[in-house]
Amino acid sequence: MLQSKLFLKPKKEIFKKDIPISHYYLLRGDFIEPSMSGVFRFLPLGLRVVRKIENIIRREMEKLGAQEVFLPAFQKKELWLKTERWEKIDPPLFIFKDRHEKEIALAPTHEEEIVDIVRKRVSSYKDLPLYLFQIQNKFRNEQRPSRGLLRAREFLMKDLYSFHATKDDLFQFYQKVKEAYLKIFRDCGLKAICVKAHSGSIGGDISHEFMVESEAGEDTILVCQKCDFAANVEKIGQEKECPSCKCDLVKKKAIEVGHIFSLMERYTLPLRATFKDKQGKENFILMGCYGIGIGRLMATVVEVWHDEKGIIWPQTISPFDVHLITIGNLPKLKKEAKRIETLFEKEGLEVLYDDRDISPGEKLVEADLIGIPWRLVLSERTMSKKKLEFKKRGDKKIKLFPLKDVKKLSQILLKNKK
């Protein structure tokens with residue numbers, strides 16, 4: 001893609017006042033733009049990152065055997081009254097009236113909606129287990145949405161719902177989702193810690209959060225340095241000793257990037273979602289739910305992967321794989337750049353080619369800011385040596401590579417993408 005054609009206007013500087021570094025760089029890099037408090041517009045670069053994250057998540061959901069659905073943002077009051085969440089959910093619902101004076105809520109989550117669908121279609125143990133997921137906007141009536149994508153009022157979320165005939169089957173699937181989540185976060189460049197957590201207004205008997213250590217985090221977790229025990233302070237209080245091995249617990253700030261719940265009959269009982277077992281006895285369907293906030297995940301990656309110059313995207317979710325930059329206006333430079341762009345794209349690499357007629361300094365500063373993993377520079381000096389410069393974002397060292405071997409270079413960079 002030609003950068004001269006890309007809808008992108010990075011900012012040299014923005015007013016910075018007590019905002020997370022992720023918000024600062026995503027604004028400066030023109031990935032996102034605020035529409036109102038806690039509501040954001042995703043611009044082309046930002047949306048490319050979101051789509052990469054979605055693809056990673058979809059792949060793991062489909063490996064679990066989950067099928068994708070898309071549910072409405074408008075929610076019926078009747079269902080929420082049956083589960084007693086219309087007035088009790090925290091934060092409170094966004095509620096409005098249509099022209100017929102009927103109250104409607106904007107969905108912060110979809111337990112009621114999905115159970116309403118499933119109870120009409122599941123009647124026998126033969127219909128279970130069942131796994132359904134969606135990627136859809138959610139609406140949370142946050143009191144202080146002031147941390148960019150880390151705390152928004154409208155945000156994109158993946159939510160998975162599972163339905164089971166037995167506790168054992170629910171538990172086994174719950175463990176599989178744990179592993180899938182840890183892989184999703186690894187594939188996005190993050191090391192997440194699975195911690196015991198409160199179920200909050202979602203409910204259920206067991207709950208775990210996935211936390212990424214960061215000073216920008218609003219959560220405090222306690223982690224054992226010897227065994228794998230970890231918990232949110234909200235869950236166990238200010239304990240100093242690990243309940244598993246009696247070693248000291250270390251307190252750390254963290255960002256929550258995912259949350260899973262064993263709901264059991266929390267929603268299926270009030271909504272009368274049942275099935276008949278092998279003996280013909282009617283039972284309530286058992287249920288789990290599992291969520292990942294995609295915008296928050298994107299911001300968390302930036303909190304972890306950045307330096308004083310800008311973002312350092314992991315190649316798996318970067319908007320492009322390669323940032324190709326020409327310095328100078330010689331026709332042979334542009335011809336060679338076009339050859340490299342075409343060859344790389346044919347090999348399966350996504351290339352942003354900076355063909356703009358601006359100073360070299362501006363090009364390099366913007367390249368560091370938006371953080372594409374690999375930077376390739378063609379100039380009169382490198383062309384005279386029949387070479388190009390290549391550098392990994394975040395590394396100090398610049399290397400030279402023979403122009404005649406650029407296909408080999410594309411294969412090296414492609415390995416890093418996988």
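For the structure, see preceding data.
Residues numbered from 1 in each chain as written. Predicted model: local features only at pLDDT ≥ 70, side-chain atom pairs only at ≥ 80, totals over all residues. Heavy atoms only, no water.

(A) Region of interest: empty space enclosed by the protein. If you walk through the whole model with that rule in mind, you get one cavity of 30 Å³ or more. Looking at the largest cavity, the residues that line it are His323, Ala367, Asp368, Ile372, Arg375, Lys391, Lys392 and Arg393. Mapped onto the lining of the largest cavity, the elements with two or more residues apiece are α9 (360–370) and β20 (387–392). (1 Å grid on protein atoms, 1.4 Å probe; cavity = no way out; pocket = protein on both sides within 12 Å on 5 of 7 lines; lining within 4 Å. Points joined across faces, edges and corners; volume = space filled by probe spheres on them. Helix = DSSP H or I, 4+ residues; strand = E, 2+ residues; numbered from the N terminus.)

(B) Expanded view of the layout of surface pockets. Computed from the structure, the second largest pocket encloses a volume of approximately 420 Å³. Considering the residues around the second largest pocket, the lining is formed by 17 residues, among which Ile193, Cys194, Asp228, Phe229 and Ala230 are closest to the centre. Mapped by element, the contributors of at least two residues to the lining of the second largest pocket are α5 (167–187), β9 (193–196), β10 (206–213) and β11 (219–224). Looking at the lining of the second largest pocket residue by residue, the classes come out as nine nonpolar, two polar and six charged. (Nonpolar A, V, L, I, M, F, W, Y, C, P; charged D, E, K, R; others polar.)

(C) Fine view of the pattern of salt bridges. Following the criterion strictly, the structure yields 33 salt bridges and no others. Residue arginine 48 pairs with glutamate 350 through a salt bridge whose shortest N-O separation is 3.3 Å. Taken together, the positions of arginine 48 in helix α2 (residues 44–63) and glutamate 350 in the loop between α8 (331–347) and β18 (351–354) put the pair 302 residues apart, joining distant regions of the chain. Accessibility expressed as a relative area gives 25% for glutamate 350, which makes it partly exposed. Between arginine 59 and aspartate 187 there is a salt bridge, with the nearest N and O atoms lying 2.6 Å from each other. Here arginine 59, found in helix α2, pairs with aspartate 187, found in helix α5; they are 128 residues apart in sequence, far enough to count as distant. Assessed through its relative accessible area of 36%, arginine 59 is described here as partly exposed. (Salt bridge = Lys/Arg side-chain N within 4 Å of Asp/Glu carboxyl O. Buried < 20%, exposed > 50% of the residue type's maximum accessible area, 1.4 Å probe, protein only.)

(D) Layout of the packing of aromatic side chains. Enumeration according to the criterion identifies 11 aromatic pairs in this entry. Judged by centre distance (6.2 Å) and plane angle (55 degrees), the rings of tyrosine 174 and tyrosine 290 are tilted. Of this pair, tyrosine 174 sits in helix α5 while tyrosine 290 sits in strand β16 (residues 286–293), and the two are 116 residues apart along the sequence. On the basis of relative accessibility, which here comes to 3%, the residue tyrosine 174 falls in the buried class. Their ring planes at 35 degrees and their centres at 6.3 Å tell us that tryptophan 374 and phenylalanine 390 sit as a pair that is tilted. Residue tryptophan 374 is located in strand β19 (residues 374–379), and its partner phenylalanine 390 is located in strand β20; the two are separated by 16 residues in the primary sequence. Neither tryptophan 374 nor phenylalanine 390 differs from the other in exposure class; each is buried. In textbook terms, an aromatic cluster arises when at least three aromatic residues are bridged by ring pairs, as seen for Tyr131, Phe173, Tyr174 and Tyr290. (Phe/Tyr/Trp six-rings, centres within 6.5 Å; stacked < 30°, edge-to-face > 60°.)

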